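Descriptive structure summary
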Amino acid sequence: MNRRLLLSAGVAIAATVAGGYTLMGRKSPAPAASADAGDPVAALMQLQLPDLSGASHSLAGWKGQPIVVNFWATWCAPCVREMPELDALQKKYPHVRFVGIGVDSAANMQKFVEKVQVSYPLWVIGAGAIDTLRKLGNPSGGLPFTIVFNADGGINRKILGEIQPDDLDRTLSGLKA
């Protein structure tokens, strides 16, 4: 049993790394983060990202509200597995804003949401996000990567890898609007 679990985890990690390297080699039409080296969180908040319709958004528009930012990709199996859980938590905590930021192309994400729908918005950052992820405290640039922000804009916690729904639920229950 443990051998199967380790093998499955190894395959998932290898697929994530391979997908990341594949995407790193592509040019992204989405704007890459011109993150201020001094404050990557402020840079993320100001970053203008397109949704799947092409309209531009930034996290700064949600100032004063708790936010869950989930970096994901269509080729990342753990990312896909956790999306229904994130969707359920978004519905349970309507005062918390959720956004999925795709480290992928808009075309791939549009095809994906035809099969797997979520009620929170999806924005596109593209493959250029690896540097942004590293600056935000994810040295490997791995996915999924979730950041929970308090209403004051400070980071409550960072989760590298697939979320544990009960654990994230406990965190969200303590967030104030």
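The model shown is predicted, which means the values in this text are computed figures rather than measured ones. (Residues numbered from 1 in each chain as written. Predicted model: local features only at pLDDT ≥ 70, side-chain atom pairs only at ≥ 80, totals over all residues. Heavy atoms only, no water.)

Observations concerning the overall build of the chain
- Secondary structure summary: the chain contains six helices and seven strands in total.
- Secondary structure elements of the chain, listed N to C terminal, follow the sequence α-α-β-β-β-α-β-α-β-α-β-β-α.
- A burial count over the chain gives 45% of its 177 residues as buried.
- Long-range pairs, those at least 24 residues apart, make up 63% of the contacts in the chain between residues at least 6 apart in sequence. (Helix = DSSP H or I, 4+ residues; strand = E, 2+ residues; numbered from the N terminus. Buried < 20%, exposed > 50% of the residue type's maximum accessible area, 1.4 Å probe, protein only. Contact = heavy atoms within 4.5 Å.)

A look at the side chain of Ser-58
- Tracing the chain through its elements places Ser-58 in the loop between β2 (56-57) and β3 (67-72).
- Among residues more than four places away in sequence, those in contact with Ser-58 are Met-45, Gln-46, Leu-47, Gln-48 and Trp-123.

Considerations on the environment of Phe-98
- Among the structural elements, Phe-98 can be located in strand β4 (residues 97-102).
- On the basis of relative accessible area, Phe-98 is assigned to the buried category, the value being 3%.
- Excluding residues within four positions of it along the chain, Phe-98 makes contact with Trp-62, Val-68, Leu-86, Leu-89, Gln-90, Tyr-120, Pro-121 and Leu-172.

Focus on the packing of aromatic side chains
- Tallied over the entire structure, the rule returns four aromatic pairs.
- Residues Phe-71 and Phe-145 carry aromatic rings whose centres are separated by 6.2 Å and whose planes lie at 25° to one another, so their mutual orientation is stacked. In this pair, Phe-71 sits in strand β3 while Phe-145 sits in strand β6 (residues 145-149), placing the two residues 74 residues apart along the sequence. Like Phe-145, Phe-71 is buried. (Phe/Tyr/Trp six-rings, centres within 6.5 Å; stacked < 30°, edge-to-face > 60°.)

Quick look at the packing of helix α3 (residues 77-92) against helix α6 (residues 165-173)
- Across the interface, α3 lies against α6 with an axial gap of 11 Å and an inter-helix angle of 25°. It follows from the interaxial angle that α3 and α6 lie roughly parallel. Here α3 and α6 pass one another in a crossing that is right-handed. Residues Glu-85, Leu-86, Leu-89 and Lys-92 of α3 form the contact with α6, whose participating residues are Pro-165, Leu-168, Asp-169 and Leu-172.
- Class assignment of the residues belonging to the contact of α3 with α6 gives a composition of five nonpolar, no polar and three charged. (Axes fitted to C-alpha atoms, helices over the stretch in contact; angles between N-to-C directions. Parallel < 35°, antiparallel > 145°, perpendicular 65-115°, else oblique. Left-handed = near helix turned anticlockwise from the far one by under 90°. Nonpolar A, V, L, I, M, F, W, Y, C, P; charged D, E, K, R; others polar.)

Details of the side chain of Asn-138
- With respect to the element layout, Asn-138 can be found in the loop between α5 (129-135) and β6.
- Judged by its relative accessible area of 1%, Asn-138 falls in the buried class.
- With residues up to four places along the chain from it excluded, the contact list for Asn-138 reads Leu-133, Phe-145 and Leu-160.

Some details on the nonpolar core
- Membership of the largest hydrophobic core comes to 47 residues, with the highest contact counts inside it found for Leu-59, Phe-71 and Leu-172.
- Not counting residues within four places of it along the chain, the set of residues in contact with Leu-59 comprises Leu-44, Met-45, Ile-67, Val-69, Val-99 and Trp-123. (Core = buried A, V, L, I, M, F, W, Y, C linked by side-chain atoms within 4.5 Å.)

Quick notes on the confidence of the model for the chain
- Of all residues in the chain, 79% attain a pLDDT of 70 or more, and the chain-wide mean is 84.
- The model gives residues 1-36 a pLDDT under 50, and that stretch makes 30 contacts with residues more than four places away or in other chains. (pLDDT = per-residue confidence, 0-100.)

Some thoughts on the state of the cysteines
- Here the structure, examined in full by the defined rule, presents one disulfide.
- Each sulfur of the disulfide joining Cys-76 and Cys-79 lies 2.3 Å from the other. One quick way to see it: the torsion about the S-S bond of Cys-76 and Cys-79 is about 75°, and its sign makes the bridge right-handed.
- On the basis of relative accessibility, which here comes to 0%, the residue Cys-76 falls in the buried class. (Disulfide = S-S within 2.5 Å.)

Description of the pattern of salt bridges
- Scanning the model with the defined rule gives six salt bridges in all.
- Between Glu-162 and Arg-81 there is a salt bridge whose closest N-O contact spans 2.9 Å. You can see Glu-162 sitting in the loop between β7 (155-160) and α6 and its partner Arg-81 sitting in helix α3, a full 81 residues away along the chain.
- Classification of Arg-81 by relative accessible area gives partly exposed; the value is 47%. (Salt bridge = Lys/Arg side-chain N within 4 Å of Asp/Glu carboxyl O.)

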